[in-house]
Amino acid sequence: MLNFINPKSNIGYRINQIAIILEEGIDYSDPFFTSISQRMIEAQVVFEMWTSSITSFIFGTGSGGVIDGGKLFLDNSVLGSSLLGKSKVHNIHILPFSMIFRYGLVGLILFLVLLKIVYKTLLGILNESKSEQEIFWSLLLIFWFFFSIPAASFLWSMPVFWISLTFINKT
């Protein structure tokens with residue numbers, strides 16, 4: 001993929017990181033991996049919290065749930081930019097883990113339902129003749145969903161995503 005994408009672009013940088021991780025693994029002490037290592041730590045903490053009790057497994061921690069960051073995060077900017085103070089992190093980046101953290105098994109099911117809707121929408125674009133308006137809303141739904149996977153808060157905060165989801169389900 002790096003043959004087609006500029007390796008100095010943001011996406012090229014991420015693809016290069018993923019290639020190195022798949023080949024060599026993550027070196028948590030290397031600043032080159034700071035962003036990805038923070039997300040891996042978040043995922044591990046979410047999994048531990050999710051499996052800590054039957055209640056959190058089924059229902060999660062709720063919309064107000066936080067991770068007590070303390071010394072977990074290697075990058076001080078994670079805690080420094082936290083809206084809830086220097087020790088509590090509210091935003092979980094990776095969408096499926098964010099939904100598991102907030103809503104537990106219910107959130108995982110909701111994520112799978114969204115994934116199925118996106119998949120069916122993609123198949124609908126490829127296999128059916130649609131109007132320009134249907135194609136627009138379908139593509140917006142698909143692209144915004146995948147855009148939100150590494151930054152979950154974008155999914156919930158974009159009203160146009162919900163409008164597109166409504167439109168797709170009406171057609």
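In case you missed it, the structure is sitting above this.
Criteria and thresholds
- Residues numbered from 1 in each chain as written.
- Predicted model: local features only at pLDDT ≥ 70, side-chain atom pairs only at ≥ 80, totals over all residues.
- Heavy atoms only, no water.
- Helix = DSSP H or I, 4+ residues; strand = E, 2+ residues; numbered from the N terminus.
- Buried < 20%, exposed > 50% of the residue type's maximum accessible area, 1.4 Å probe, protein only.
- Contact = heavy atoms within 4.5 Å.
- Areas by Shrake-Rupley, 256 points an atom, 1.4 Å probe, with all protein chains shown as cover.
- Patch = residues over 30% accessible without salt bridge, like charges linked within 9 Å, V, L, I, M, F, W, Y side chains within 5 Å.
- Salt bridge = Lys/Arg side-chain N within 4 Å of Asp/Glu carboxyl O.
- Expected span 1.5 Å × (residues − 1).
- Polar contact = N/O pair within 3.5 Å; in protein donor to acceptor, adjacent residues only side chain to side chain.
- Axes fitted to C-alpha atoms, helices over the stretch in contact; angles between N-to-C directions.
- Parallel < 35°, antiparallel > 145°, perpendicular 65-115°, else oblique.
- Left-handed = near helix turned anticlockwise from the far one by under 90°.
- Phe/Tyr/Trp six-rings, centres within 6.5 Å; stacked < 30°, edge-to-face > 60°.

K.L.:
Help me understand the overall build of the protein chain in this model?
P.N.:
Within the protein chain one finds eight helices and two strands. Traced from its N-terminal end to its C-terminal end, the protein chain shows the element sequence α-α-α-β-α-β-α-α-α-α. With 171 residues in all, the protein chain has 33% of them scored as buried. If you take every contact in the protein chain between residues at least 6 apart in sequence, the share linking residues at least 24 apart comes to 50%. Summed over its atoms, the accessible surface of the protein chain is roughly 10600 Å², and 66% of this surface lies on carbon and sulfur atoms.

K.L.:
How should I be thinking about a nonpolar patch on the surface in this particular structure?
P.N.:
There is a patch of nonpolar side chains on the surface, built from Ile54, Ile58, Phe59, Tyr103, Val106, Leu110, Trp156 and Trp162 and spanning about 730 Å² of accessible area. Only α3 (54–59) and α5 (95–127) provide two or more residues apiece to the nonpolar patch. Residue placement: Tyr103 occurs in helix α5. Residue classification places Tyr103 among the partly exposed positions, given a relative accessible area of 31%.

K.L.:
Where do I start with helix α1 (residues 10–24) in this structure?
P.N.:
Since the α-helix packs 3.6 residues into each turn, any two residues three or four apart lie on the same face. Taking 1.5 Å per residue as the helical rise, α1 with its 15 residues ought to reach 21 Å, and the 21 Å between its terminal C-alpha atoms agrees with that figure. Every buried residue of α1 is listed here: Gly12, Ile15, Gln17 and Ile21. Those residues of α1 that are buried lie in contact with α2 (34–50). The backbone nitrogen of Gly12 lies 3.1 Å from a side-chain oxygen of the residue at the head of α1, namely Ser9. Gly25 sits one or two residues past α1 and shows a positive phi near 90°.

K.L.:
How do you make sense of the packing of helix α6 (residues 132–148) against helix α8 (residues 159–170) when you look at a structure like this?
P.N.:
When two helices pack together, you describe them by how their axes are tilted relative to each other and by the distance separating the axes. As a packed pair, α6 and α8 sit with axes 9 Å apart at the nearest point and diverge in direction by 130°. On the basis of the axis angle, α6 is oblique to α8. Taken as a pair, α6 and α8 cross one another with a handedness that is left-handed. Along the contact surface, α6 presents Gln133, Glu134, Trp137, Ser138, Leu140, Leu141, Trp144 and Phe145, while α8 presents Val160, Phe161, Ile163, Ser164, Leu165, Phe167 and Ile168.

K.L.:
Before we go on, may I ask you to explain the environment of Trp162 in this structure?
P.N.:
Within the secondary structure, Trp162 is located in helix α8. Using a relative accessible area of 32% as the deciding quantity, one classes Trp162 as partly exposed. With 21 residues separating them along the chain, Trp162 and Leu141 place their C-alpha atoms 8.4 Å apart. Residues in contact with Trp162, not counting those within four places in the same chain, are Leu155 and Trp156.

K.L.:
When you look at the packing of aromatic side chains in this model, what are you seeing that I'm missing?
P.N.:
The geometry of an aromatic ring pair comes down to the distance between the two centres and the angle between the two planes. A complete count under the given rule lists nine aromatic pairs for this structure. Their ring planes at 15° and their centres at 4.6 Å tell us that Trp50 and Phe57 sit as a pair that is stacked. A residue is classified by how much of its surface remains accessible, and Trp50, at 10% relative accessible area, is buried. An angle of 40° between the planes, with centres 6.2 Å apart, marks the rings of Trp137 and Phe167 as tilted. Taken as a pair, Trp137 in helix α6 and Phe167 in helix α8 lie far apart in primary sequence, 30 residues in all.

It is worth stressing that arrangement in space is one thing and function is another; only the former is reported here.
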